[in-house]
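Below, each chain spelled out in residue letters.
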Amino acid sequence: SNRFAHYLLARGLQAGDKGAMLSPNSMDVVVAAFGILKAGRVWVPVNALLSPTEIAYIVQHAEARLLVVDAQLAAHPAWSAALPAMGMPLVRCGPGAEGAGTLAQALAGQPAGLPALEIDEHALALIMYTSGTTGHPKGAMHSHRSVLSAVMSNAVTVSIVPQDVLSAILPLFHCAQFSMAAAGLACGAAISLSRGFDPGTVL
């Protein structure tokens, strides 16, 4: 995540610029999400189950400057024209992401240390979009302080310790799963990431 933060800074993204993400769960999602936050930029996770039209609205409404997208999703025929039409740089991640324009390429050669920058705790950290059941989705804005408060509240409420192993079956683009996974990581626990729900695998 430190390497991806350095990549974003090197690309010239300014404080407050948004990095959107369209992906089911993967380790790459965790790396990229925390990289965006460590760079002092704003993470905009998008529900990967929405239609291309709905996702295009969210990405444009958020004024995203970059889109991290799952390689398998990007290869689907429904997305082959929709993603380029969004008019922003794409970083492919997850299973099957190979070659140029991938997260692995973005990380290559970047420093491993934490970027040397100060981030205001009241600065915008992430925007979680609502389902938009009766209208367009609305972006719920969270500061770094509010994210940390949710993470630490989960850690204390569930009494997470480093010996724990937490499941992450729900999508990380949902606030509940992200804050719980982040709480586990903050406490040094292990996270078992599921790409999707499969009863046999979960058991």
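On a predicted model such as this, the values are computed, not experimentally measured, just so you know. (Residues numbered from 1 in each chain as written. Predicted model: local features only at pLDDT ≥ 70, side-chain atom pairs only at ≥ 80, totals over all residues. Heavy atoms only, no water.)

Asker: When you look at the state of the cysteines in this model, what are you seeing that I'm missing?
Answerer: One covalent bond between the sulfur atoms of two cysteine residues makes up a disulfide. This structure, assessed with the given rule, holds zero disulfides. Cysteine Cys175 remains unbridged, with the sulfur of Cys187 as its closest cysteine sulfur at 19 Å. Looking at Cys175, the relative accessible area reads 43%, which means it is partly exposed. (Disulfide = S-S within 2.5 Å. Buried < 20%, exposed > 50% of the residue type's maximum accessible area, 1.4 Å probe, protein only.)

Asker: Would you explain the confidence of the model for the protein chain in this entry?
Answerer: The predicted structure's coordinates, where accompanied by low pLDDT, should not be read in detail. Looking at the protein chain as a whole, its pLDDT mean stands at 93, while 100% of the residues score no less than 70. Here helix 9 (residues 199-202) is the element of the protein chain with the lowest mean pLDDT, 87, and strand 2 (residues 42-46) is the one with the highest, 97. (pLDDT = per-residue confidence, 0-100. Helix = DSSP H or I, 4+ residues; strand = E, 2+ residues; numbered from the N terminus.)

Asker: Is there a simple way to explain the nonpolar core in this structure?
Answerer: Nonpolar side chains tend toward joint burial in soluble globular proteins. Ranked by size, the top nonpolar core spans 36 residues in total, and within it Phe4, Leu8, Met21, Trp43, Val68 and Phe178 carry the most contacts. Among the secondary structure elements, those contributing two or more residues to this core are helix 1 (2-10), helix 2 (27-38), strand 3 (64-70), strand 4 (90-93), helix 6 (103-107), strand 5 (124-129), helix 7 (144-158) and helix 8 (175-186). Considering each element in turn, this core owes the most residues, seven residues, to helix 2. Those residues in contact with Val68 that lie beyond four places of it in its chain are Phe4, Ala20, Met21, Leu22, Ala32, Val91 and Cys93. Membership of the second largest hydrophobic core comes to 25 residues, among which are Ala20, Leu22, Ala74 and Tyr129. (Core = buried A, V, L, I, M, F, W, Y, C linked by side-chain atoms within 4.5 Å. Contact = heavy atoms within 4.5 Å.)

Asker: Mind showing me how you'd approach the pairing of strand 1 (residues 18-22) here?
Answerer: In regular strands, side chains alternate between the two faces of the sheet. A large share of strand 1 lies buried, amounting to five of its five residues. Neither face of strand 1 is exposed, since Lys18, Ala20 and Leu22 on one face and Gly19 and Met21 on the opposite face are all buried. Where strand 1 and strand 2 come together, five bridges link them in parallel fashion. Opposite Ala20, over in strand 2, you have Val44 as the bridge partner. Note that the unit made of strand 1, helix 2 and strand 2 has a crossover that is right-handed. Bridge count for strand 1 against strand 3 is five bridges, and the pairing is parallel. Within the sheet, the bridge partner assigned to Lys18 lies in strand 3 and is Ala64. (Pairing = 2+ DSSP bridges. Right-handed = clockwise from strand over helix to strand, strands pointing away.)

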